[in-house]
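Understanding the architecture of this molecule
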Amino acid sequence: MSVDEPASPVPDLTADERAALHSVQLGIEHAYRAYADLLGCHHRTGHAMDRFAEAEDLLRAAGHDEYADEIRDRLLPAGVVEDRWTYELVTAYRRNLLDELDAFEATVREDVADGVDHVSERAQQRAWRDRAESEKWTE
């Protein structure tokens, strides 16, 4: 692909349609960023619990069975939200929100823009490339 051609055609949309699709796309991107943050929380929580599991063994070896038992019986099996572990939150977020948002976005994009994504960026790309091409010949 040359710098003068967009990756795919820019659909002929109204400004409102383009703005709406852009908002939906940004919404999806922000939801995925939140999901990434949730995955990070899931991983950091897992590493924290690994440290507590290690501390359980060390406390027991040091003769502090009561603290080791508390880690084993209360802290390690506990959930982070009510009784839910972070992997359950990650799964619920993906199934209950991301999958729904993705399906909605795909339906709207297919109906409004013949399935073409990033319509605002494609229009901007086309405008900047057209300007570069037209001004190249006026200098």
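Above: the structure in question.
Summarised in this report is the structure supplied together with it. Owing to the predicted nature of the structure, the values given are computational and were not obtained by experimental measurement.

Some words on the overall build of the chain
A count of helical and extended segments in the chain gives 4 helices and 0 strands. Reading the chain from its N terminus to its C terminus gives the helix and strand order α-α-α-α. Against the 2.2 N^0.38 benchmark of 14 Å for 139 residues, the chain shows a C-alpha radius of gyration of 25 Å, more extended than a compact globule. Judged by the C-alpha coordinates and their principal axes, the chain covers about 85 × 35 × 20 Å. The buried share among the 139 residues of the chain stands at 19%. Carbon together with sulfur atoms contributes 54% to the accessible area of the chain, which is approximately 9800 Å² in total. The distance from the centre of the 16 positive side-chain charges to the centre of the 32 negative ones in the chain is 2 Å.

Remarks on the nonpolar core
In this structure, L13, L21, A113, V116 and V119 together form the largest nonpolar core, which totals 5 residues. Aside from chain neighbours lying at most four places away, what touches L13 is R18, L21, V112, A113 and V119.

Re helix α1 (residues 15-61)
Taking 1.5 Å of rise per residue, the 47 residues of α1 would be expected to cover 69 Å, and the 69 Å separating its terminal C-alpha atoms lies within 8% of that figure. Of the positions making up α1, those classed as buried are L21, Q25, I28, A31, Y35, G40, T45 and E56. On the buried face of α1, the contacting elements are α2 (65-75), α3 (86-113) and α4 (119-136). One or two residues past the end of α1 sits G63, with phi positive at roughly 85 degrees.

Points about the packing of aromatic side chains
Taken as a whole, this structure holds 2 aromatic pairs when the rule is applied. Ring plane angle 20 degrees and centroid distance 5.9 Å describe the contact between Y35 and Y93, whose orientation is recorded as stacked. Of this pair, Y35 sits in helix α1 while Y93 sits in helix α3, and the two are 58 residues apart along the sequence. Residue Y35 is classed as buried on the basis of its relative accessible area, which comes to 13%. With 6.4 Å between their ring centres and 75 degrees between their planes, W85 and Y87 make a pair best called edge-to-face.

Topic: α4
If you check α4, its first and last C-alpha atoms are 25 Å apart, about what 18 residues at 1.5 Å a residue would give, namely 26 Å. At its buried positions, α4 is contacted by α1 and α3.

A look at the pattern of salt bridges
With the rule as written, the count across this model stands at 9 salt bridges. The partner of R51 in a salt bridge is E54, and the shortest N-O contact between them spans 2.7 Å. One end of the pair, R51, and the other, E54, are both in helix α1, 3 residues apart, so they sit about a helical turn from each other. The salt bridge partner of D73 is R72, with a shortest N-O separation of 2.6 Å. On the accessibility criterion, R72 (40% relative accessible area) is partly exposed. Residues joined by salt bridges that share partners form a network here, namely E56, R60, D65, D69, R72 and D73.

Cut-off values and rules
- Residues numbered from 1 in each chain as written.
- Predicted model: local features only at pLDDT ≥ 70, side-chain atom pairs only at ≥ 80, totals over all residues.
- Heavy atoms only, no water.
- Helix = DSSP H or I, 4+ residues; strand = E, 2+ residues; numbered from the N terminus.
- Rg over C-alpha atoms; globule rule 2.2 N^0.38 Å.
- Buried < 20%, exposed > 50% of the residue type's maximum accessible area, 1.4 Å probe, protein only.
- Areas by Shrake-Rupley, 256 points an atom, 1.4 Å probe, with all protein chains shown as cover.
- Lys, Arg positive; Asp, Glu negative; His and termini not counted.
- Charge placed at Lys NZ, Arg CZ, Asp CG, Glu CD.
- Core = buried A, V, L, I, M, F, W, Y, C linked by side-chain atoms within 4.5 Å.
- Contact = heavy atoms within 4.5 Å.
- Expected span 1.5 Å × (residues − 1).
- Phe/Tyr/Trp six-rings, centres within 6.5 Å; stacked < 30°, edge-to-face > 60°.
- Salt bridge = Lys/Arg side-chain N within 4 Å of Asp/Glu carboxyl O.

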